[in-house]
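Chain and residue survey
Chain by chain, the residues run as shown.
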Amino acid sequence: MSYSKKEVSILIEIIFSVLFAVIFIPYFYENRLNSFDINDNVGKIIQIAIFSSIYFSVAHSILEVTYKDKMIQDERDDLISSKSYKLGYLLYELSLFLFIGILLSDSSFQNSGSIIFIIILLLLIVPFIKSVFQLYLYRTS
C-alpha cells in the first residue's frame, strides 16, 4: 500500500496523538482529583513541549528526506481539508457544549484537576478524529 506525502503527514499527526495518549494522559488521569497547580506541573509541561518538538522535528525531517517531491495542492486537497476542518469544528462545538453541561450538572468535576483532564482529553480526541477522517477522505477519493 503506497501512501502519498500528504497521507504520511496525516499519519504523523495520528501517531503523535496515540503516543501522547499513551505517554502523558495517564499522568493527568492520576492527578485529576488533585487541584491543578502550575508550579507542580511545570516539569510535565516542559516534557510535553520537548517531546512534541523532537517528535515533529524528527518525523517531518524523515518525511522530507523520504519524499523528495513537493506536495501539489489542488481542489481535491482543499475540499478534503475543508471537510475535515468542518468536522473538527463541529466536534469542538459539541465537546464544548458537553463540557459545560458536565460542569453544570456534576459537582464532582468542580475541582480544577478534573477540568484540566477533560480539556486535555478533548484537545486530544478531536484532532485525532479529524486526522483519521482526513486520511479516510484521502484514501477513498
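One structure accompanies this document, and this report is about it. (Residues numbered from 1 in each chain as written. Predicted model: local features only at pLDDT ≥ 70, side-chain atom pairs only at ≥ 80, totals over all residues. Heavy atoms only, no water.)

On to a nonpolar patch on the surface. Where nonpolar side chains cluster on the molecular surface, the patch consists of Ile38, Val42, Ile45, Ile46, Ile50, Ile54, Val58 and Ile62 and spans about 690 Å² of accessible area. Along the chain, isoleucine 62 turns up in helix α3 (residues 42-66). (Patch = residues over 30% accessible without salt bridge, like charges linked within 9 Å, V, L, I, M, F, W, Y side chains within 5 Å. Areas by Shrake-Rupley, 256 points an atom, 1.4 Å probe, with all protein chains shown as cover. Salt bridge = Lys/Arg side-chain N within 4 Å of Asp/Glu carboxyl O. Helix = DSSP H or I, 4+ residues; strand = E, 2+ residues; numbered from the N terminus.)

The subject of this paragraph is helix α1 (residues 5-23). Here α1 is 19 residues long and its end C-alpha atoms lie 27 Å apart, about the 27 Å a rise of 1.5 Å per residue gives. Of all the residues in α1, the buried ones are Lys5, Glu7, Val8, Ser9, Ile10, Ile12, Ile14, Phe16, Ser17 and Phe20. (Expected span 1.5 Å × (residues − 1). Buried < 20%, exposed > 50% of the residue type's maximum accessible area, 1.4 Å probe, protein only.)

Considering all chains together, one arrives at 2 salt bridges under this definition. Note that lysine 5 is salt-bridged to glutamate 64, the shortest N-O span being 3.0 Å. With lysine 5 in helix α1 and glutamate 64 in helix α3, this residue pair connects regions lying 59 residues apart in the sequence. We classify lysine 5 as buried; its relative accessible area is 8%. A relative accessible area of 43% places glutamate 64 in the partly exposed class. Notably, a salt bridge pairs arginine 139 with glutamate 7, separated by 2.8 Å at the nearest N-O pair. In this pair, arginine 139 sits in helix α5 (residues 112-140) while glutamate 7 sits in helix α1, placing the two residues 132 residues apart along the sequence. Residue classification places glutamate 7 among the buried positions, given a relative accessible area of 5%.

Once that is clear, we can look at the environment of leucine 94. For leucine 94, the position within the fold is in helix α4 (residues 75-105). The class of leucine 94 is partly exposed, set by a relative accessible area of 47%. Along the backbone, leucine 94 and valine 18 are 76 residues apart, and their C-alpha atoms lie at a distance of 22 Å.

By the element assignment, isoleucine 48 lies in helix α3. On the basis of relative accessibility, which here comes to 17%, the residue isoleucine 48 falls in the buried class. It is 24 Å that separates the C-alpha atoms of isoleucine 48 and phenylalanine 99, two residues lying 51 residues apart in sequence. Apart from the residues lying within four places of it in its own chain, the contact partners of isoleucine 48 are Phe20, Phe24 and Phe28. (Contact = heavy atoms within 4.5 Å.)

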